[in-house]
Amino acid sequence: MSKIKELNERRAAIVADMNAITATVEQRSEAIFTTEEQEKFNELRAQRDAVDATLRALEEMEREDMRNASAKVAERKADNNAEIEERAFFKHLAGEDLTPEERAALTMDNSGVIVPNTIQQDVLIGLQGAYGILSAIDMMYTDNAGTMTFPYIISSMKLQKVAIGSTATEGEAQWNGIQLSAHDFSLPIIPVSRTLLLGSSVDVRAALIKLFTELLGQALSEKIILSGDGNKDFEAFLPKVKTAVAADSAAITYTDLVNLKSKVKAPYNQAGRASFVMASSTRDALLGMVDKNGRPIYVESVAAGAPDKLFGFPVVIDDAMHEIAAGNRVIAFGDFKAYKARIVRGIEVATYDESKYRVQGCVGMQAFVTGDGRLTYHEGKIEPIAALAMANA
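Residues numbered from 1 in each chain as written. Predicted model: local features only at pLDDT ≥ 70, side-chain atom pairs only at ≥ 80, totals over all residues. Heavy atoms only, no water.

1. Focus: the overall build of the protein chain
As a reminder, the rule being used: In DSSP terms, a helix is any run of H or I states spanning at least four residues, a strand is any run of E spanning at least two, and both are numbered starting from the N terminus. Burial classes follow relative accessibility: with a 1.4 Å probe on protein chains only, a residue under 20% of its type's maximum area counts as buried, one over 50% as exposed, and anything between as partly exposed. Note on contacts: a residue pair qualifies if any of its non-hydrogen atoms lie within 4.5 Å across the two residues. Per-residue and other accessible areas follow the Shrake-Rupley method at a 1.4 Å probe size, with only the shown protein chains counted as cover for residues.
Each helix and strand in the protein chain was counted, giving nine helices and 16 strands. The buried share among the 393 residues of the protein chain stands at 38%. Excluding contacts between residues fewer than 6 apart, the proportion of contacts in the protein chain whose partners are at least 24 apart in sequence is 75%. Accessible area for the protein chain stands at about 21,900 Å²; split by element, carbon and sulfur atoms hold 51% of it.

Spelled out as structure tokens, the structure:
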């Protein structure tokens, strides 16, 4: 017998005893409880209320168990559907016949098949796991494409003395904000060899995830650092920030780096907030550089996952940065969390089966992403990021 059934039967017996007492009282000419009857009735009522409280708790637990069981069934069903979709996707790439269940699991468009959401989500996770500048900026991942606003102050304020009868003066500081919208972007279509996709020695799933994580990471980095013009586009920070100019057009000196650091003021130049961003070739040029006391200023990391350090600040390597050449902005320094960016609704990857790809023994693949990005404070007097520009030739 279940506990709930047992308690319901006990409750029915208690209520029956309560009804018997009231029936006895009602048979007398004066329907008044005796002291003994009142005490017994109160005792039974307290027992009934205690049983009711226990029943409510047990029924809530039972409902919760049912909800959990339903959620587990739904989760198993979703996992099963995802497994069927992935299996169908790779069979489709191989040109194999699909069962009706597998065909129904695929998401089709006019040109081909959409890559399963589980694979697309793993690409997004790869991007979140940090690729170059993407590891340093404030990158957000949202489901909603609505406009996002980030407030900032574009000047500083000083405290004023307050005296009776004095007139308050208006400061120079302004409360402002940047807005992030949601713009659509895509990579060019990539012909991917069917031989590669069908090779028994290749983990095709991992290969696709790695391919699109790297390609999207590189493309987003290039937009954020260099080329985004801000017109329905990411806004690149490197062309906008103030610069320290190197003494030479082809070599960086210790003094150049000190001058770059001095361009960024507190709190954006402080440990825990600031970092350097540069290309790998620029990093190579700094190896072995020492300060005036002969101590290395660039220290390579010996721990897996830990960044190199320059003047004790983390170094982010991103080859979207310019290499050392006359006039190029080659190193950025400051608080890159001041750059706000967003990716909306994850990543979408589509495949194309047109004849022009089939005759090449390929499948066309294309990645799509929706997002935006802006640097805060870039109009203000206290800027969070500066760049080192090489001298003109």
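2. Here's the deal with unusual backbone geometry
For the peptide bond that leads from A266 to P267, omega is 5°, which places it in the cis range. Within the element layout of this structure, P267 appears in the loop between α7 (254-262) and β9 (275-278). Although it is not a glycine, R345 adopts a positive phi angle of roughly 55°. Tracing the chain through its elements places R345 in strand β14 (residues 339-352).

3. Some details on the sheet that holds strand β8 (residues 242-245)
To keep things clear, this is the line we draw: We call two strands paired when DSSP finds no fewer than two bridges between them. With axes taken as lines fitted to C-alpha atoms, and helix axes fitted only over the stretch in contact, angles between N-to-C directions fall between 0 and 180 degrees.
Spatially, β8-β16-β13-β9-β12-β11-β10 is the arrangement adopted by the seven strands of the open sheet, whose pairing is mixed. Two strands in the sheet have a free side with no partner beyond their single neighbour: β8 and β10 (298-299). Examined bridge by bridge, strand β11 (residues 309-310) and strand β12 (residues 313-317) share two bridges and lie antiparallel to one another. Opposite K309, over in β12, you have P314 as the bridge partner. Across the face of the sheet, α7 comes into contact with β8, β9, β11, β12, β13 (329-334) and β16 (385-389) while running at roughly 155° to β16.

4. Brief notes about the pattern of salt bridges
Under the convention used in this document: Whenever Lys or Arg places a side-chain nitrogen within 4 Å of a carboxyl oxygen from Asp or Glu, that contact is recorded as a salt bridge.
Here the structure, examined in full by the defined rule, presents 17 salt bridges. Here R48 makes a salt bridge to D49, at a shortest N to O gap of 3.0 Å. Note on D49: relative accessible area 38%, which makes it partly exposed. Members of the salt-bridge network, linked through shared partners, are E86, D122 and R205.

5. With respect to the nonpolar core
Our working definition: The nonpolar core is taken to be a set of buried Ala, Val, Leu, Ile, Met, Phe, Trp, Tyr and Cys residues, with the residues joined through side-chain atoms within 4.5 Å.
In this structure, I133 and F237 are the most contacted members of the largest nonpolar core, which totals 53 residues. Those elements that provide at least two residues to this core are α2 (35-93), α4 (117-128), β7 (190-193), α6 (204-227), β14, β15 (362-375) and β16. Broken down by element, the residue count for this core peaks at eight residues, all from α6. Contacts of F237, omitting those with residues within four sequence positions, involve I133, I224, I225, A332, F336, Y339, L375 and I385. Membership of the second largest hydrophobic core comes to 23 residues, among which are Y298, V315, I331 and A386.

Any link to function would need more than the numbers given here.
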